[in-house]
Structure formats: C-alpha cells, structure tokens
Amino acid sequence: SFTASAVSKQVSALEKELGVRLFDRKASSAVSITPQGEALLPLFHKLLNTCEELEKTALSLSAPKNQILNFSSPPSLGNWGEDRLILHFYDKYPQISICYHSETGPRLVRKMAVKEIDVCTFFDINSCFEHLLLRNGLNPSSFGSILIEPCQLLLAFSQKMPQASKDYVEIQDFKHCSFLMKNFDVRTDQDIGTGHFRNFCHSFGFQPNIVFTNEQKRSLVFSRIAAGEAAAPILSRPEADYPGVVIRPVASTEGYAQKKLYYLKSNTSPALKAFLASSRELLR
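Described below are features of the structure shown in this document. For every chain, the first residue of the written sequence is number 1, and numbering continues from 1 along that sequence. Under the rules for a predicted model, residues below a pLDDT of 70 receive no local features and side-chain atom pairs below 80 are neither given nor counted, while totals for whole chains, interfaces and linings still include all residues. To obtain the side-chain values, all non-hydrogen atoms of the structure were included, while hydrogens and water were left out.

## Side note on the overall build of the protein chain
Stage number 1. Every helix listed is a DSSP run of H or I at least four residues long, and every strand listed is a run of E at least two residues long, numbered separately from the N terminus. If you tally the helices and strands in the protein chain, you get eight helices and 12 strands.
Stage number 2. Exposure is judged per residue with a 1.4 Å probe applied to protein chains only, and the accessible area is read against the type maximum: over 50% gives exposed, under 20% gives buried, and values in between give partly exposed. Here the protein chain holds 284 residues, and 44% of them are scored as buried.
Stage number 3. Residue contacts are counted whenever heavy atoms from the two residues lie within 4.5 Å of one another. Contacts spanning at least 24 positions in sequence make up 74% of the contacts within the protein chain whose residues lie at least 6 apart.
Stage number 4. Here, Shrake-Rupley sampling with a 1.4 Å probe gives the accessible areas, and only protein chains in the shown set may cover a residue. On the protein chain, roughly 15,400 Å² of surface is accessible, and the fraction owed to carbon and sulfur atoms is 54%.
Stage number 5. Think of it this way: Lys and Arg go in the positive column, Asp and Glu in the negative one, and His and the chain ends go nowhere. To locate a charge, the coordinates of NZ of Lys, CZ of Arg, CG of Asp or CD of Glu are taken. Counting 32 positive and 28 negative side-chain charges, the protein chain places the centres of these two groups 2 Å from one another.

Right, dumping it as structure tokens:
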C-alpha cells in the first residue's frame, strides 16, 4: 500500500543513517542488493521478527477477551482461500473471535466505511474494487490491500466431455455450452466480473450464454455441472472434489484476476491490526 517513490525515500533515509549503500540502482530501473546489503539482511529479518513478536505480545496483553474481527467473503462456487489465513490467525491470536459476514457490492464497501466490517476477500478484476468504491462515493486511497495470489481462470465441467483428458482447455471449445455463474445480488457490481468474462469470450469470437443460479448448496450446483447442463468459470478451486466434475485451467488467462484482502486504513481495531500482521507473515 505504498508508492515506489515513498519506499525509495525510506530506503535512501535508511542508507544515509547506516552509512551503507544497500541497493545498486541502474539506469534501466533494475535494482539489485549490494554485498553490504546481503550481509545486513539476516539482521533486518531478526528486527522484523522481533517487532512482530512485540506487537503480538502487546496485543495479547491489551486486547480484551471479547475482541472480534468482522470478516467478509462473498458466496462463490470456488474457495476464496481465506481458510488458511483464518487458521493461521487463530493459532497466533486465540483470544480474538471472528464474526463471518457474506456481503457483496455496495453493502460491503459501505459497511467497511463505517467499520462494521474490518476486512474482506475480493477477486479484483481490472481494478473493480476501486470502481466499486468510486461508484459509492468512497475514496480508494482510504483503503489498503494485501495480495493473496494472482488467479488464472478455471473451468469446471463434466467429466464426460472430451476436454477432461487435457491439462489445459481452450475457452472456444465450450462456445456451445451454457456457463453457470453464482447470482450474488442484482444490486451488486457483479457485472464487472461477468463483463470481463464476456469480453474474454468475445476475443475468441463468440457470445457466451451465461446462466445465473441462486442455489446456495454447492453440491447441487456441481451436480448440474457433472450432468453436462453447463460449465462454470471460477477463479479458485472448491474446497472439495465433486463426483463427475473436472476443473482445468483455461489457456491464456495468467493474471486474469487478483485475490486480495481489503481493509479501511483508518480502522484502528486491534483485531484488524493483528489479522493483517498475521496474513502478511503467512503470505511473505
């Protein structure tokens, strides 16, 4: 959540204070660590670990037992990947409880703006979270983010289809299929992700037939996929395997989206501070 120039100023100030050049900066904008920087790197790691341990201990001493983290993740056919973040957090801060929400669109960002929700997971496609904030009169610079991982487009489809034997699939091979998507809420900005998928299909010369489902039980949705009624574009694998369903990456979709955590920078909740520190540690 810092600009390159801000980081550069901090590094320059540190080099001046230490009297040691930590990085070689070349005209091509390439940056490499110096031998002196390499020698100091283990000490910097020790300092960071000590600071994190200090924060963790201070929080455990000061945080009330009923401290709550309000966490939101929208419904999806795939797994958002928050489980490993939450388990790591619980391991480090067992005294903090998590209240789980499932908000999307305007309700999500408005609740974050008034600190009813502390942090959310979000699949960011073409800066759609920023667009969502702007549409609702909120300043994107007031929010911070942590990248969980880049996402490739995946396709869930019936094991009966000939493409099931391939490691990768071509989206144009499914142009005669219906594409099943989770219907979050007609008032949300789901149209950004749907529009991105439509544009991707258009680039391969066809208009996708998208069918939305309100079904909450994933097993029933995947049973429709296994029966060959439709294929489902997803951005992460579900947490369970479903009989008769295969999931394959779609060719040419590296960097299709980014899975991120978003939070309000002015939110001073100790639980949020602890969760962000725990997540950064795990994702480092």
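Here the narrative resumes.
## Digging into unusual backbone geometry
Stage number 1. Phi is positive for Lys115, close to 70°, though the residue is something other than glycine.
Stage number 2. With respect to the helices and strands, Lys115 occurs in the loop between helix H4 (105-113) and strand S5 (119-124).
Stage number 3. For Ser252, which is not glycine, the phi torsion reads 65° and is therefore positive.
Stage number 4. The topology assignment puts Ser252 in the loop between strand S11 (245-249) and strand S12 (257-264).

## As for the sheet that holds S11
Stage number 1. A sheet is described by the order of its strands in space; here three strands give the open sequence S10-S7-S11, paired in antiparallel fashion. Looking at which strands have only one partner, the edges of the open sheet turn out to be strand S10 (232-234) and S11. Across the sheet, the axes of successive neighbouring strands diverge by a mean angle of 30°, strand direction being ignored.
Stage number 2. Lines fitted to C-alpha atoms define the axes here, with helix axes fitted over just the stretch in contact, and angles between the N-to-C directions of these axes take values from 0 to 180 degrees. Sitting on the sheet, helix H7 (residues 218-226) touches strand S7 (154-158), S10 and S11, and the angle it makes with S7 is about 70°. Any two strands are treated as partners once DSSP identifies two or more bridges connecting them.

## Side note on H4
Stage number 1. Gly105, Pro106, Leu108, Val109, Lys111 and Met112 are the residues of H4 that are buried.
Stage number 2. Those residues of H4 hidden inside the fold are in contact with strand S3 (68-72), S5, helix H5 (128-135), strand S6 (143-151) and S12.
Stage number 3. Backbone geometry just downstream of H4 places Lys115 in the positive-phi region, at approximately 70°.

## Here's the deal with the sheet that holds strand S4 (residues 97-101)
Stage number 1. Here we have five strands laid out as an open sheet, ordered S4-S3-S5-S12-S6, and mixed in their pairing. Edge positions in the sheet fall to S4 and S6, since each has one partner strand and no second. Going from strand to strand, the sheet's axes swing by 25° on average, the running direction of each strand aside.
Stage number 2. In the sheet, S3 pairs with S5 via two bridges, with the strands oriented parallel. Paired with Ser72 across the two strands is Cys120, which belongs to S5.
Stage number 3. Each of S3, S5, S6 and S12 touches helix H8 (residues 270-283); the most contacted strand, S12, lies at about 150° to it.

## Some remarks on the pairing of S3
Stage number 1. Within S3, four of the five residues are buried, which leaves it mostly tucked inside the rest of the structure.
Stage number 2. For S3 and S4, the ladder comprises five bridges, and the chain directions are parallel. Among the inter-strand pairings, Asn70 is bridged to a residue of S4, identified as Cys99.

## Re the packing of helix H3 (residues 82-92) against H8
Stage number 1. Axis separation between H3 and H8 bottoms out at 9 Å; the angle between their running directions is 115°. As summarised for this structure, H3 and H8 are arranged roughly perpendicular, according to the angle between their axes. The way H3 lies across H8 gives a crossing that is right-handed. Between H3, through Arg84, Leu85, His88, Phe89 and Lys92, and H8, the contact on the second element is made entirely by Ala271, Ala274, Phe275, Ser278, Ser279, Glu281, Leu282 and Leu283.
Stage number 2. Amino acid classes used here: Ala, Val, Leu, Ile, Met, Phe, Trp, Tyr, Cys and Pro are nonpolar; Asp, Glu, Lys and Arg are charged; the rest, including Gly, are polar. Classifying every residue of the contact of H3 with H8 by side-chain character gives seven nonpolar, three polar and three charged. By definition in this entry, angles of less than 35 degrees are roughly parallel, angles greater than 145 are roughly antiparallel, angles of 65 to 115 are roughly perpendicular, and the rest are oblique. If you view the pair so one helix is near and one far, a crossing is left-handed when the near helix is turned anticlockwise from the far one by less than a right angle, and right-handed when it is turned clockwise.

## Quick word on the environment of Ala156
Stage number 1. Its location among the elements puts Ala156 in strand S7.
Stage number 2. Taking relative accessible area as the criterion, Ala156 reaches 0% and is therefore assigned buried.
Stage number 3. As for Ala156 and Arg280, which are separated by 124 residues in sequence, their C-alpha atoms are 31 Å apart.
Stage number 4. Ignoring anything within four residues of it in the chain, the contact list for Ala156 reads Phe222, Ile225, Ala231, Ala232, Val245, Val246 and Ile247.

## Some details on the packing of aromatic side chains
Stage number 1. In summary, the pairing rule links any two rings of Phe, Tyr or Trp, Trp by its six-membered ring, whose centres are within 6.5 Å, and it sorts them by plane angle into stacked for under 30 degrees, edge-to-face for over 60 and tilted for everything else. Tallying each qualifying case throughout the model produces 14 aromatic pairs.
Stage number 2. Centre to centre, the rings of Phe222 and Tyr242 are 4.3 Å apart; their planes meet at 5°, and the pair counts as stacked. One end of the pair, Phe222, is in helix H7; the other, Tyr242, is in the loop between S10 and S11, and 20 residues separate them in sequence. Accessibility classification places Phe222 together with Tyr242 in one group, the buried group.
Stage number 3. Ring pairs connect the aromatic residues Phe71, Phe89, Tyr90, Tyr93, Tyr100 and Phe275, which therefore count as one cluster.

This is a description of form; function is not addressed.
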